[in-house]
Amino acid sequence: IGRHGLLSDLGFEYKGIQFNQDSFHIFAGLCAVDTYENAEKVFKALKENNVCCARMGAYKPRTSPYDFQGHGKDCLPWLFDLAGKYGIKIIVMEVLSPHHIDEIREALELTGNPCGIILQIGTRNAQNFELLKAVGKQKEFPILYKRGYGLALEESLMAAEYIASEGNTKIIFCLRGVRTHLGDPHRNLTDFAHVPVVKRLTRLPVCIDPSHPIGTRIKSSDGIRDIYHVTAQGVIAGANAILVEFHPEPDKALCDGPQAIPLSELPIYLDYVYKVRETY
Ligand code: PEP
Ligand code: MN
């Protein structure tokens, strides 16, 4: 198996920020952009805490077609304007279809390119080969590829290879938990023991997403505690990035509210992450 793309580069630079197997970044923010006010509160809190990267979902893949699907392209102009206002350099944003890439590009141009975008491939699209080829063909935006929740690690690495083999090797590989048949108090089994494995098998920076393995199955306060603990696991294992969900009012969130850390805890969470990094 020729992982030529995944082995070819020693990381990449985007918007003046280095991403490699030694770097460390935090992409914190809303699972789904719901209101202008909430997006502004998140960007403002990030700025106050010296964090210049964010996560923001405009296109949401939902289990039920009746659930909130995200504001899509309608929210992009004001979202990007807000990012510029608060000095946010990069936003991680999921795309579900190749035309979403064009919509993002158009909104960036309309707003004067105030920030960079890393395109997220979500776990449900982990083997959507046409989408993988499309994000691989364009070289403008780096990709955050999420491991498939029902896939062997090998299968997800090979899917990421689809992106690289089209020419775009600016890839971050993200672990976000896997499904098992064993039952789990959480939504998925945390797979952060694979951080060093992916770092050995590829030259990609490896991200952990502690929000989605925990999910919404247990009492929210216990879930939030567990998010801290699995974050520590991933950081100790050598993660190069964290993608994590916050919300100003988790009870009112339209998507993944119960697993959102209250935005007021952002400084506490960051402190925790930095302490774990210093200690190990
Ligand atoms: C998300 O990041 O909000 C998301 C939908 O993640 P995943 O694809 O890992 O479920
Ligand atoms: Mn989510």
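Above: the structure in question.
About the thresholds
Residues numbered from 1 in each chain as written. Chains lettered and ligands numbered in written order. Predicted model: local features only at pLDDT ≥ 70, side-chain atom pairs only at ≥ 80, totals over all residues. Heavy atoms only, no water. Buried < 20%, exposed > 50% of the residue type's maximum accessible area, 1.4 Å probe, protein only. Helix = DSSP H or I, 4+ residues; strand = E, 2+ residues; numbered from the N terminus. Pairing = 2+ DSSP bridges. Donors = N, O, S within 2.8 Å, 3.2 Å for Na, K, Ca; no water. Salt bridge = Lys/Arg side-chain N within 4 Å of Asp/Glu carboxyl O. Near = heavy atom within 4 Å. Polar contact = N/O pair within 3.5 Å; in protein donor to acceptor, adjacent residues only side chain to side chain. Areas by Shrake-Rupley, 256 points an atom, 1.4 Å probe, with all protein chains shown as cover. 1 Å grid on protein atoms, 1.4 Å probe; cavity = no way out; pocket = protein on both sides within 12 Å on 5 of 7 lines; lining within 4 Å. Sits in = over half its atoms within 2 Å of the grid points. Nonpolar A, V, L, I, M, F, W, Y, C, P; charged D, E, K, R; others polar. Expected span 1.5 Å × (residues − 1). Contact = heavy atoms within 4.5 Å. Core = buried A, V, L, I, M, F, W, Y, C linked by side-chain atoms within 4.5 Å. Arc of directions from axis to C-beta. Axes fitted to C-alpha atoms, helices over the stretch in contact; angles between N-to-C directions. Parallel < 35°, antiparallel > 145°, perpendicular 65-115°, else oblique. Left-handed = near helix turned anticlockwise from the far one by under 90°.

The buried fraction of strand β10 (residues 241-247) is high, at seven of seven residues. Residues A241, L243, E245 and H247 line one face of β10 and the alternating positions I242, V244 and F246 line the opposite face, and both faces are buried. The pairing of strand β3 (residues 25-30) with β10 spans five bridges and is classified as parallel. What sits directly across from H25, in β10, is A241. As judged from the two bridges shared by strand β9 (residues 206-208) and β10, these two strands associate in the parallel manner. Of the residues in β10, the one forming a bridge with I208 is I242. Taken together, the two bridges between β10 and strand β11 (residues 261-262) define a ladder with parallel strand orientation.

The next thing to look at is the coordination of the manganese ion (ligand 2). At the metal site, the manganese ion (ligand 2) is ligated by C31 (SG), H212 (NE2), E245 (OE) and D256 (OD), and these contacts range over 2.0 to 2.4 Å. Of note, the donors binding the manganese ion (ligand 2) are all from one chain and are spaced C-x180-H-x32-E-x10-D. One end of the pair, C31, is in the loop between β3 and α2 (36-48); the other, D256, is in the loop between β10 and β11, with 225 residues separating them in the sequence. Of the two residues examined, C31 and D256, each falls in the buried class.

We now examine the pattern of salt bridges. By the definition in use, this model includes 14 salt bridges. Two residues, E140 and R105, come together in a salt bridge whose shortest N-O distance is 2.7 Å. Of this pair, E140 sits in the loop between α5 (129-137) and β7 (143-146) while R105 sits in helix α4 (residues 98-110), and the two are 35 residues apart along the sequence. Given a relative accessible area of 24%, R105 falls into the partly exposed group. The shortest N-O distance in the salt bridge between E130 and K133 comes to 3.1 Å. Pair noted here: E130 and K133 are both in helix α5, with a separation of three residues, about one helical turn. A relative accessible area of 23% places K133 in the partly exposed class.

Turning next to the site of ligand 1. Around ligand 1 lies a shell formed by C31, R55, K60, E94, Q120, G122, T123, R124, K146, R176, H212 and E245. Measuring from an oxygen atom of ligand 1, one finds a side-chain N or O atom of R55 at 2.8 Å. A distance of 3.2 Å is found between an oxygen atom of ligand 1 and a side-chain nitrogen or oxygen belonging to H212. Taking 300 Å² as the accessible area of ligand 1 by itself, protein coverage stands at 97%. The site holding ligand 1 turns out to be the largest pocket. By residue class, the composition of the shell around ligand 1 is one nonpolar, four polar and seven charged.

In an α-helix, one turn spans 3.6 residues, which is why side chains three or four residues apart end up on the same side. Given a rise of 1.5 Å per residue, 13 residues ought to cover 18 Å, and the 18 Å separating the end C-alpha atoms of α2 matches this to within 8%. Looking only at α2, the buried set comprises N38, A39, E40, V42, F43, A45 and L46. In this structure, the buried residues of α2 make contact with β3, β4 (53-56), α3 (76-85), β5 (90-94), β10 and α10 (266-279). Just downstream of α2 lies N50, where phi reads positive at about 60 degrees.

Burial of nonpolar side chains together is a common tendency in soluble globular proteins. With 91 residues, the main nonpolar core has F27, F43, F80, I91, I104, I117 and Y145 as its most contacted residues. Excluding anything up to four places from it in sequence, I104 contacts Y59, L76, F80, M93, V95, I117, L119 and F141.

Between its first and last C-alpha atoms α10 spans 20 Å; for 14 residues at 1.5 Å apiece the expected length is 20 Å, and the two agree. All buried positions along α10 are accounted for by L266, Y269, L270, V273 and V276. The arc that holds the buried residues of α10, viewed along the axis, is 125 degrees, so those residues lie on one side. Every exposed residue of α10 that faces more than 90 degrees away from the buried side is listed here: I268, K275, E278 and T279. Looking at the buried residues of α10, the elements they touch are β3, α2, α9 (220-236), β10 and β11.

Attention now goes to the packing of α2 against α3. Remark: α2 packs on α3, axes separated minimally by 10 Å, with the N-to-C direction vectors making an angle of 25 degrees. Viewed along their axes, α2 and α3 adopt a mutual orientation that is roughly parallel. Judged by the twist between their axes, the crossing of α2 over α3 is right-handed. Across the interface between the two elements, Y36, A39, E40 and F43 of α2 pack against W78, L79, L82, A83 and K85 of α3. When grouped by side-chain class, the residues that make up the contact of α2 with α3 number seven nonpolar, no polar and two charged.

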